[in-house]
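# Per-entry structural report
Here is what each chain is made of, one letter per residue.
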Amino acid sequence: MTIQNQFSSGLESGNFVVNSDPVHQAWCAIEQQRQVNPNAEPSLYNEIIEPENPIVIAFGTPPGSLEGQEGLVSSKDFAHFEFLCNKSNPVFCINEAAIKLFHSHYSDLLVLKNKLVENSKSKTPPLIIITGQSVGGSVATLFTLWLLQGLNLSKTKRPLCITFGSPLVGDEHLRKCVLEFSAWKSCFLHIVSDQDHTPKIFMSRNGAYKPFGTFLLCSASGCACSEDPDFISEQFVTTNSHSAQTPDPNLGFPYGKILEDLKRKALCNVFESIGGKTDPLKASIITQLIAIGVVSQSRDTDNLVEKMKKHETKLLIQKKKNSDSDKILNDMKIHMAYLEWYKKDSKRQNIGYYDMYRNRGYQTDVKVNEFKKRLMNYWEDSVTEVENKPQLEGAHFRVRWLYAGTNYRGMVEPLHIADYYKDGGENYQTDAGKRPKHFTLLEEWHQEKQEPEKKQEPEKKKQKTQKQEEKPESGPSKSKRESVGSSLNDDSCFWARVEEALIILLKNGGLTTDDKRKLKEFEDYVWNALENYAVSPEIFLEKSSFMKWWNEYKGIVESSSLLLEFMKNDGPREYEAGKFT
């Protein structure tokens, strides 16, 4: 994939951030927190400036050195952050000192979290800024992650975590876990000076610590933003030897002065030092390196520029893929619309959707097969992506996709079943690995969503007034009865059950006792589906596989069969009209 006019915007982003109000509000809150709590004991300072301004929470920095505090602890050994885990990264590690400080103030933090979550539900929720310097910034980061779990970001503003000179808090697995929450990664801004030793203090631990979020890297020459974890880590190692040693983090590094100096800088002359570079991407990267004080005309710098070029190109390609995803989704909707038309056409030909595709007697069947493959590829990838997400994020996607996924499963799985049995397959549901996993997961998620709704129904009935309390309506709703003519089968594996029943009936050697039991179970299954209006009336079309099964089975069915009476007494016609009870 070729990307034209590549350009890195780290310098422009840095200048924007330096001049933004939240950054200066965060630093002011840290300075005010120090004045309120001069001993810097690990506590919170909660400042509500004005009703229309942000809520700013500044975490204090405990006294003492950070040297020797680089130990990591596994997520298996502490609570409250399980929601970050996902299938690909079931375990991650966090700095032991930071997590101990978090847990030592858990009760206070829980009260604060509940208060902020409640505030977020107001009609005009304020922006929440969570900040801290040094270890205070580490705890601010952990608290923000914890707070994000409780917020409904579709209805409130995202909180903004701004740290100053904060050590890295976790390993590569933590970074990957956070990045799985697509809406969260933009909530973290870490401001770091090339002269501040504190944020780089844990970098000597064999590269175990990894950054996440956006970093504003500052020097006497300027500043630039970066999200590239490898570049940030490399810069931490490179500049660590030149950083000012601050044995007591409580003394703090003068980020207020740095921010003011950067605001006053004239940025227009920085491009003069690039020389005659013609590559816009390379030129913009070198400009950023000049701004953060690491560029020189050495081979190492050239290698660094090439690494950053590769990373920026990769990001641009990913962004282009993301923009293409809307087009892909629209294509999938068109494919589904074509299948809807195909379903209507099959009914007109008195054969039904499933059997028309299974028999493959028309040119349109070839087109349907092509659409089926494209839809399955799309949904297999989508379900895998959701499955690998953390539990919280995955649940959000499942609810959002539930209707589309259920509709897709009802429309496309019968086509897959038709191919399976046409090729001589058996035991589609019972043999492990025969049914594609994404169909199974979509069905499970649909059932999980239905369970809470079913539990709420008795409570809703209790709330009716005496006047409204009539005999509850049994069976399916009125709307389901009225729309049954155009509906899909509730059970997307209905046709697999029909195929298995046909295999039993048509095999040589007569029926065994076990065969008869299975056929009776299928008959009961069909009757229950009819009572709940859970199958499409097209199963009764003359050329359908279900009618083929029924024409074989009606000769051996018991005379007391409810299904037999239904089929004899014009039941299919009443069912299609929504009048069967």
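This text goes with the structure placed above it.
None of the values given here were measured: they were computed from a predicted structure.

Let us now look at the overall build of the chain. Helix and strand counts for the chain stand at 20 helices and 9 strands. Here the chain holds 581 residues, and 49% of them are scored as buried. Of all intrachain contacts in the chain linking residues separated by at least 6 positions in sequence, the fraction that spans at least 24 positions is 76%. Summed over its atoms, the accessible surface of the chain is roughly 29900 Å², and 50% of this surface lies on carbon and sulfur atoms.

Looking now at unusual backbone geometry. Unusually for a residue other than glycine, Asn350 sits at a positive phi of about 65 degrees. Here Asn350 is to be found in the loop between α10 (299–348) and α11 (353–359). A positive phi angle is found at Tyr533, which is not glycine, with a value near 50 degrees. Note that Tyr533 resides in the loop between α17 (513–531) and α18 (545–553).

Let us look at the packing of aromatic side chains. For the structure shown, the criterion picks out 44 aromatic pairs. Plain terms: the ring middles of Tyr420 and Tyr421 are 5.1 Å apart, the flat faces sit at 80 degrees to each other, and that makes the pair edge-to-face. On the basis of relative accessible area, Tyr421 is assigned to the buried category, the value being 6%. In this arrangement the basic side chain of Arg360 is found over the ring face of Tyr357, its NZ or CZ atom lying 4.1 Å from the centre. The positively charged end of Arg497 is found above the aromatic ring belonging to Tyr525, 4.4 Å away from the centroid.

Structurally, Thr144 can be placed in helix α5 (residues 135–150). Judged by its relative accessible area of 0%, Thr144 is buried. In terms of polar contacts, Thr144 uses its side chain to reach the backbone carbonyl oxygen of Ala140, at 2.7 Å.

Among the 6 residues of strand β8 (residues 214–219), 6 are classified as buried, and the element is accordingly described as predominantly covered. Of the two faces of β8, the one lined by Thr214, Leu216 and Cys218 and the one lined by Phe215, Leu217 and Ser219 are each fully buried. Where strand β7 (residues 188–193) and β8 come together, 5 bridges link them in parallel fashion. Among the inter-strand pairings, Ser193 is bridged to a residue of β8, identified as Cys218. From the end of β8 to the start of strand β9 (residues 222–226), which pair antiparallel, there are 2 residues.

Attention now moves to helix α8 (residues 255–264). Within the sequence span of α8, burial applies to Tyr255, Gly256, Ile258, Leu259 and Leu262. The buried residues of α8 occupy one face: seen down the axis, they fall within an arc of 160 degrees. Turned more than 90 degrees away from the buried face of α8 sit Lys257 and Arg264, all of them exposed.

A few words on the pattern of salt bridges. The tally for this structure, following the rule as stated, stands at 23 salt bridges. With a shortest N-O distance of 4.0 Å, Lys121 and Glu118 are connected by a salt bridge. Using a relative accessible area of 60% as the deciding quantity, one classes Lys121 as exposed. In this structure, Lys520 and Asp524 form a salt bridge, with 2.7 Å as the shortest nitrogen-oxygen distance. Of the two residues, Lys520 and Asp524 are both situated in helix α17; the distance of 4 residues between them amounts to about one turn of the helix.

Packed helix pairs are specified by the crossing angle of their axes together with the interaxial distance, meaning the distance between the axes. One way to put it is that helix α3 (residues 96–104) packs onto α5 with a least axis distance of 9 Å and a crossing angle of 65 degrees. As α3 packs across α5, the resulting crossing turns out to be right-handed. Residues Ala98, Ile99, Leu101 and Phe102 of α3 form the contact with α5, whose participating residues are Val135, Ser138, Val139, Leu142, Phe143 and Trp146.

At a minimum axis distance of 13 Å, the contact between α17 and α18 shows a crossing angle of 125 degrees. The orientation of α17 with respect to α18, classified from their angle, is oblique. Viewed along their axes, α17 and α18 form a crossing whose handedness is left-handed. Residues Leu519, Lys520, Phe522, Glu523 and Val526 of α17 form the contact with α18, whose participating residues are Phe546, Trp549 and Tyr553. A breakdown of the residues in the contact of α17 with α18 according to their chemical character gives 6 nonpolar, no polar and 2 charged.

Judged by nonpolar contacts, the single largest core of 63 residues is most densely connected at Leu530, Phe546 and Trp549. No other element matches helix α13 (residues 391–422), which puts 9 residues into this core. Not counting residues up to four positions away in its chain, the partners in contact with Leu530 are Val535, Phe540, Leu563, Phe566, Tyr575 and Phe580. Phe78, Leu112, Ile128 and Cys161 belong to the second-largest nonpolar core, a separate cluster that totals 57 residues.

Our next topic: the state of the cysteines. Enumeration over the complete set of coordinates arrives at 0 disulfides. Distance from the sulfur of Cys223, which forms no disulfide, to the nearest cysteine sulfur (Cys218) is 5.4 Å. This cysteine, Cys225, is not joined by any disulfide, and Cys223 carries the nearest cysteine sulfur, 6.9 Å off. Under the relative-accessibility criterion, Cys225 is labelled buried at 9%.

Here the focus is the environment of Ala98. Tracing the backbone through its elements, the reader meets Ala98 in helix α3. With relative accessibility at 1%, the residue Ala98 sits in the buried group. The residues contacting Ala98, other than those within four sequence positions of it, are Ser138, Val139 and Leu142.

Rules behind the numbers
Residues numbered from 1 in each chain as written. Predicted model: local features only at pLDDT ≥ 70, side-chain atom pairs only at ≥ 80, totals over all residues. Heavy atoms only, no water. Helix = DSSP H or I, 4+ residues; strand = E, 2+ residues; numbered from the N terminus. Buried < 20%, exposed > 50% of the residue type's maximum accessible area, 1.4 Å probe, protein only. Contact = heavy atoms within 4.5 Å. Areas by Shrake-Rupley, 256 points an atom, 1.4 Å probe, with all protein chains shown as cover. Phe/Tyr/Trp six-rings, centres within 6.5 Å; stacked < 30°, edge-to-face > 60°. Lys NZ or Arg CZ within 6 Å of the ring centre and 35° of its normal. Polar contact = N/O pair within 3.5 Å; in protein donor to acceptor, adjacent residues only side chain to side chain. Pairing = 2+ DSSP bridges. Arc of directions from axis to C-beta. Salt bridge = Lys/Arg side-chain N within 4 Å of Asp/Glu carboxyl O. Axes fitted to C-alpha atoms, helices over the stretch in contact; angles between N-to-C directions. Left-handed = near helix turned anticlockwise from the far one by under 90°. Parallel < 35°, antiparallel > 145°, perpendicular 65-115°, else oblique. Nonpolar A, V, L, I, M, F, W, Y, C, P; charged D, E, K, R; others polar. Core = buried A, V, L, I, M, F, W, Y, C linked by side-chain atoms within 4.5 Å. Disulfide = S-S within 2.5 Å.

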